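Below are the chains, spelled out letter by letter.
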Amino acid sequence: MKNRNPSILVADDDPRIRQSLSDILELEGYNVIEASDGKSLIDKISPEYVDVILLDINMPGLNGIEITRMLKSDDDLKQIPIVIVTGMNDRSLRIEALTAGADDFLNKPPHIAELSARVKSLLKVKAYNDHLRVHQRELERQVNERTHQLRQALSDVKTASLDTIHHLSRAAEYKDEDTSI
């Protein structure tokens, strides 16, 4: 279990929006990591230290939808919830972002209570997914350990069976008057 405050990565090319979101999240007690474009987001992301991403759609270089596709196709990063924060109300753009893997949307500028509620909700989902992933790894470890033990036991049984057959064959030879020595 993590012994740190959750970290939120805020990616927006507008420094005022980025600073505003960061200030709100820091007041809530979150660690905030800022990125001004897609490349710096990719450089700063880590599945161990980023719990939620707030992502603008229109950024220089990689846009928010391209970044979402990249992150959701990476096995180590796909569990990090992504909230698209946008000033655009284009329904087709929202559908494209959801199809790419976005988990939620916020309109710019976000209402503080709505931002807080959505981040808290996604942190719970992420914590649950992290717990499930740890549990799955533990179960896989136990299955592998038990499989190894069963294979070893099967090998031991085969060896014991062959030894028994060999000893019974020798005993049978001693009792057979035609083949005994």
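The preceding data block contains the structure.
> For the nonpolar core, give the residues involved together with the corresponding values.
Membership of the largest hydrophobic core comes to 22 residues, with the highest contact counts inside it found for L9, L41, I45, I53, L55, L71 and I84. Elements with a minimum of two residues in this core: strand 1 (7–11), strand 3 (52–55), helix 3 (64–72), strand 4 (82–86) and helix 4 (91–100). Look past the residues within four positions of L9 in its chain and what remains in contact with it is I33, A35, L41, K44, I45, V50, V52, I53 and L54.

> Mind laying out the environment of D76, listing which residues take part and the relevant values?
Its place among the elements puts D76 in the loop between helix 3 and strand 4. As a C-alpha pair, D76 and A171 span 95 residues in sequence and 61 Å in three-dimensional space.

> Could you give an account of the sheet that holds strand 5 (residues 104–107), naming the residues involved and the relevant values?
The strand order 2-1-3-4-5 describes an open sheet built from 5 strands, whose pairing is parallel. Only two strands of the sheet have a single neighbouring strand rather than two, namely strand 2 (31–35) and strand 5. Shown here is a sheet whose adjacent strand axes are inclined to one another by a mean of 20°, direction ignored. Taken together, the 3 bridges between strand 3 and strand 4 define a ladder with parallel strand orientation. Each bridged residue has a counterpart across the sheet, and for L54 the counterpart in strand 4 is V83.

> Requested: an account of the side chain of S22, with residues and values cited.
If you trace the backbone, S22 turns up in helix 1 (residues 15–27). For S22, the side chain forms a polar contact with the side chain of E34, separated by 2.7 Å.

Cut-offs and rules
- Residues numbered from 1 in each chain as written.
- Predicted model: local features only at pLDDT ≥ 70, side-chain atom pairs only at ≥ 80, totals over all residues.
- Heavy atoms only, no water.
- Core = buried A, V, L, I, M, F, W, Y, C linked by side-chain atoms within 4.5 Å.
- Buried < 20%, exposed > 50% of the residue type's maximum accessible area, 1.4 Å probe, protein only.
- Helix = DSSP H or I, 4+ residues; strand = E, 2+ residues; numbered from the N terminus.
- Contact = heavy atoms within 4.5 Å.
- Pairing = 2+ DSSP bridges.
- Axes fitted to C-alpha atoms, helices over the stretch in contact; angles between N-to-C directions.
- Polar contact = N/O pair within 3.5 Å; in protein donor to acceptor, adjacent residues only side chain to side chain.

These results come straight from atomic positions and should not be treated as a statement about function.
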